[in-house]
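Structural overview
Each chain, written out:
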Amino acid sequence: MSTLNPSLDHASPHGHAGHGHHELGFVRTYLFSTDHKMIGIQFLMTTLLMMLVGGLFALGVRWQLAWPWERMPFYGDKLFPGEGGQISPEAYTMLFTMHASVMTFLVVIPILGGAFGNLLIPLQIGAPDMAFPKLNMLSYWFFLPAIVCFGMATVIDGGAAAGWTSYPLLSVLRDAAPGSRDAQTWWLFGVTFVGVSSMMGSINYITTIINMRAPGMTLFRMPLTIWAMLITAILQAFALPVLTSAGLMQLSDRLLGTCFFIPAGVIVNNAAPTVGGGQPLLWQHLFWFYSHPAVYIMLLPAMGMVSDMLACMCRKPIFGYKPMVFSMATIAGLGFIVWGHHMYASGMNPALGMTFMVATIMIALPSAIKTFNWIGTMWGGRLQFNAVLLNCVAFVSMFVIGGLSGIFMAAVPVDVYIHDTYFIVAHFHYILFGSTLFGVFAAIQFWFPKFFGRMMNDTVAKCHFVLTFIGFNLTFFPMHLLGIAGMPRRYADYLHLPYLEHLGPMNQFMTYAAMLMGSAQILLIGNFFLSMFFGPKAGRNPWHANSLEWFAPSPPPHGNFDVPPIVYHGPYEYSSPLSGDKDYLPQTEYVPLAQRRQVDAH
């Protein structure tokens, strides 16, 4: 077998040849870096920290639901001294608001696009960096003010308390609740900063993928991760301006006296009647026009990454490459026309509700194709039973459970019954936590060598997986039962309702499981940081994978590639008879036409 590429034997051992690299100071290297890999690390570190913060908010919510109005151990006296150490009703509304806000806007969206998008897009298409490196740097530095704003929204006036959906009137009338004062304004500023940051990233990703692919990297030779990032970036580019504009309109209502979402004559807490003529329902339309596609913004990149990892860990080509691409595009396209299924209970015309119901159920078709193809990829493969594979299989399993419960909610008659119950909470946690974060856990371990040049400990990672998987399912699966029993979400004390009194023990059980799941993350943190310094050093291609990032050193230097890559075939040529003694065929490895014909003849 021969290659037309320049040999790696002649490359610099440090990978700095031919890129005009010069040493940068600490500030340019680690703070105001324009290198896509360092920006990816900045996003990864920041979002993992925010995941801990969001997780602590969730444990506070679970404590209140398990033991309402009991003194919180350890920190109760310090956090709630005026309440005898118990969570106050206002604090409870702040906890579920900020938990969802932090997890959605500061963890799931940026860890996929910001961390892995930044690391993988240039590496997998064979580019030296993003198309606009300074814009890329700004996307991270617009993200940090969002954290500050959400922090202010947590501590001022008892914290923002209108939920992550920020529905009017609670969110626009300052007298509606304590959290509706300045805390809600800070929350809106935070969402605006996140939106601007994401928009900068999406423009950069689209331009980079379209214009900077290596020679030979046609669209249908791109890894599915890149397809997922491209489709997600297009989703963001079209949907995000709607939410940003709606947020500015809500800020205008609060600060400038406009009335986009405020009807006339409303009186809350003995304040003066409102003057206006606005529509609270307008916000729901604008919010969900972005936020339903946002579900796929939080899911599609993980789908792409899991597809790449599964093929490598099963040592098989991905089953149905083009159907996978078309399925992701179809899911994204349908995502724009189904926002109304969040609003069945708003008095929607039944004919319109039927339209949204049919469109929503249609999403099950491309989703089922993807699930079938993942299973087809695993079927008959030589499975490598490491933590990467286990987390990928968990991703597929949780996606199936969350997807099936989603079909229930697509149907108007069912949704009207379970609307705003814990069935909804179970569904979106299976999709956004069970699916996305198990995919992220797998991706952290799989691409750790490209982040830091070392390998993570697989035994510790397996322990983390087992405890997280058990804790997750014991926490969230019973929520389906709570929802069917009619337990509404966002109630600080459900036990005063006689028909819910028997659910107390189940809530306590779920809280113990949540504590187990939260404690398991200590293993992830310890494994992550210890492996950064003490993990075994990784070579260029420790997983024997095919895509271009494994052609670069670990970690890749400035400019990424010591030898400019040329692409000759797709990224999923595993166990190919063309690969000779190996069971993988890197995209940069040339196979003569005569050899291909000889193999085809047999």
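What this report covers is the structure whose coordinates are included nearby. This is a predicted model, so every value here is computed, not measured. (Residues numbered from 1 in each chain as written. Predicted model: local features only at pLDDT ≥ 70, side-chain atom pairs only at ≥ 80, totals over all residues. Heavy atoms only, no water.)

Remarks on the overall build of the protein chain
Inclusion rule: A run of DSSP states H or I qualifies as a helix once it reaches four residues; a run of E qualifies as a strand once it reaches two. Both are numbered from the N-terminal end. Each residue's exposure class comes from its accessible area (1.4 Å probe, protein chains only) as a fraction of the maximum for that residue type: buried when under 20%, exposed when over 50%, partly exposed otherwise. When checking whether two residues touch, look at their non-hydrogen atoms; a contact exists if any pair is within 4.5 Å. Within this scheme the basic residues Lys and Arg register as positive and the acidic residues Asp and Glu register as negative, but His and the chain ends are omitted. Where a charge lies is defined by one atom per residue type, namely NZ (Lys), CZ (Arg), CG (Asp) and CD (Glu).
Of regular secondary structure, the protein chain possesses 19 helices and zero strands. Across its three principal axes, the protein chain shows a C-alpha extent of roughly 85 × 50 × 50 Å. Taking all 602 residues of the protein chain together, the buried fraction comes to 57%. By sequence separation, contacts in the protein chain at least 24 residues apart represent 78% of the contacts at least 6 residues apart. Looking at charge distribution, the protein chain has the averaged site of its 26 positive side-chain charges lying 8 Å from that of its 25 negative ones.

Quick look at the environment of Ser180
The following threshold applies: Definition of a polar contact: a pair of N or O atoms within 3.5 Å, with one able to donate and the other able to accept a hydrogen when the atoms are protein atoms, and with sequence-neighbouring residues admitted only if both atoms are side-chain atoms.
Following the sequence through the fold, Ser180 ends up in the loop between helix 6 (143-155) and helix 7 (182-211). On the basis of relative accessibility, which here comes to 2%, the residue Ser180 falls in the buried class. It is 29 Å that separates the C-alpha atoms of Ser180 and Tyr417, two residues lying 237 residues apart in sequence. Look past the residues within four positions of Ser180 in its chain and what remains in contact with it is Leu170, Leu173, Arg174 and Arg254. Polar contacts involving the side chain of Ser180 include one to the main-chain carbonyl oxygen of Leu170, which spans 2.6 Å.

Things to note about the nonpolar core
Using the following cut-off: Nonpolar cores were defined as sets of buried Ala, Val, Leu, Ile, Met, Phe, Trp, Tyr and Cys residues, with membership established by side-chain atoms within 4.5 Å.
Counting residues in hydrophobic clusters, the biggest one holds 174 residues, and the most contacted among them are Phe116, Met309 and Trp447. It is helix 4 (residues 89-125) that provides the largest number of residues to this core, a total of 23 residues. Not counting chain neighbours up to four residues away, the residues in contact with Trp447 comprise Phe116, Leu119, Leu120, Gln124, Thr225, Met305, Met309, Glu549 and Trp550.

Here's the deal with the pattern of salt bridges
Here the idea is simple: oppositely charged side chains can pair when their charged atoms come close. To be explicit about the condition: Salt-bridge detection follows one rule: a side-chain nitrogen of Lys or Arg within 4 Å of a carboxyl oxygen of Asp or Glu.
For the structure shown, the criterion picks out nine salt bridges. Arg71 is the partner of Asp77 in a salt bridge, and the nearest nitrogen-oxygen pair spans 3.0 Å. What makes Arg71 partly exposed here is its relative accessible area of 45%. In this structure, Arg382 engages Asp583 in a salt bridge whose closest nitrogen and oxygen atoms are separated by 2.5 Å.

Structural notes on helix 13 (residues 364-378)
Inclusion rule: Each helix should span, by expectation, one fewer than its residue count multiplied by 1.5 Å.
The end-to-end C-alpha separation of helix 13 is 21 Å, in line with the 21 Å expected for 15 residues at 1.5 Å each. Within helix 13, burial applies to Pro366, Ser367, Lys370, Thr371, Asn373, Trp374, Gly376, Thr377 and Met378. Those residues of helix 13 hidden inside the fold are in contact with helix 10 (300-314), helix 11 (321-335), helix 12 (350-362) and helix 14 (387-410).

A word on unusual backbone geometry
Cis peptide bonds are those with omega within 30 degrees of zero, and the linkage from Pro168 to Leu169 qualifies with 10 degrees. Relative to the assigned elements, Leu169 resides in the loop between helix 6 and helix 7. Residues other than glycine seldom take positive phi values, yet Asp157 does so here, at roughly 55 degrees. By the secondary structure assignment, Asp157 is in the loop between helix 6 and helix 7. Owing to a relative accessible area of 32%, Asp157 belongs among the partly exposed residues under this scheme. Positive phi, normally seen in glycine, also occurs at Arg315, with a value near 55 degrees. Along the polypeptide, Arg315 turns up in the loop between helix 10 and helix 11. According to the relative accessible area criterion, Arg315 is buried, its value standing at 5%.

Description of the packing of helix 16 (residues 422-452) against helix 18 (residues 504-534)
Heads up, the rule is: For helices, the fitted axis covers only the stretch in contact; all axes are lines through C-alpha atoms, and the angles between them, taken along N-to-C directions, range from 0 to 180 degrees. Reported orientations rely on four angle classes, namely roughly parallel under 35 degrees, roughly antiparallel over 145, roughly perpendicular from 65 to 115, and oblique for the rest. By convention the crossing between two helices is left-handed if the near helix lies anticlockwise of the far one by an angle smaller than a right angle, and right-handed if it lies clockwise. Residues are grouped as follows: Ala, Val, Leu, Ile, Met, Phe, Trp, Tyr, Cys and Pro are nonpolar; Asp, Glu, Lys and Arg are charged; all remaining types, including Gly, are polar.
It is the contact of helix 16 with helix 18, at a shortest axis distance of 11 Å, that shows an interaxial angle of 15 degrees. Classified by the interaxial angle, the pair formed by helix 16 and helix 18 is roughly parallel. Considering only the axes of helix 16 and helix 18, their crossing is left-handed. In this structure, helix 16 uses Phe433, Phe441, Ile444, Phe448 and Phe452 to contact helix 18, whose residues at the interface are Met517, Gln521, Leu524, Phe528, Ser531 and Met532. Taken together, the residues of the contact of helix 16 with helix 18 sort by class into nine nonpolar, two polar and no charged.

Some details on the packing of helix 10 against helix 14
Geometrically, a packed helix pair is captured by the angle between its two axes and the distance between the axes. Between helix 10 and helix 14, the shortest axis-to-axis distance is 9 Å and the interhelical angle comes to 130 degrees. Accordingly, the angle class assigned to the pair helix 10 and helix 14 is oblique. As helix 10 packs across helix 14, the resulting crossing turns out to be left-handed. Of helix 14, the residues touching helix 10 (which contributes Ala302, Met303, Val306, Met309, Leu310, Met313 and Cys314) are Val388, Leu389, Cys392, Phe395, Val396 and Phe399. Along the lines of polarity and charge, the residues of the contact of helix 10 with helix 14 split into 13 nonpolar, no polar and no charged.

Focus on helix 12
Here helix 12 is 13 residues long and its end C-alpha atoms lie 18 Å apart, about the 18 Å a rise of 1.5 Å per residue gives. Burial in helix 12 covers these residues: Gly353, Phe356, Met357, Ala359 and Thr360. The elements touched by buried residues of helix 12 are helix 13, helix 14 and helix 15 (412-418). Sitting at the head of helix 12, Asn349 places a side-chain oxygen 2.8 Å from the backbone nitrogen of Ala351.

Examining the environment of Gly340
In this fold, Gly340 is placed in the loop between helix 11 and helix 12. Among the residues examined, Gly340 registers a relative accessible area of 1% and is labelled buried. Considering only alpha carbons, one finds Gly340 and Arg174, 166 residues apart in sequence, at a separation of 28 Å. Setting aside its immediate chain neighbours within four residues, Gly340 contacts Met348 and Phe356.

The quantities given are spatial measurements derived from coordinates; they are silent on function.
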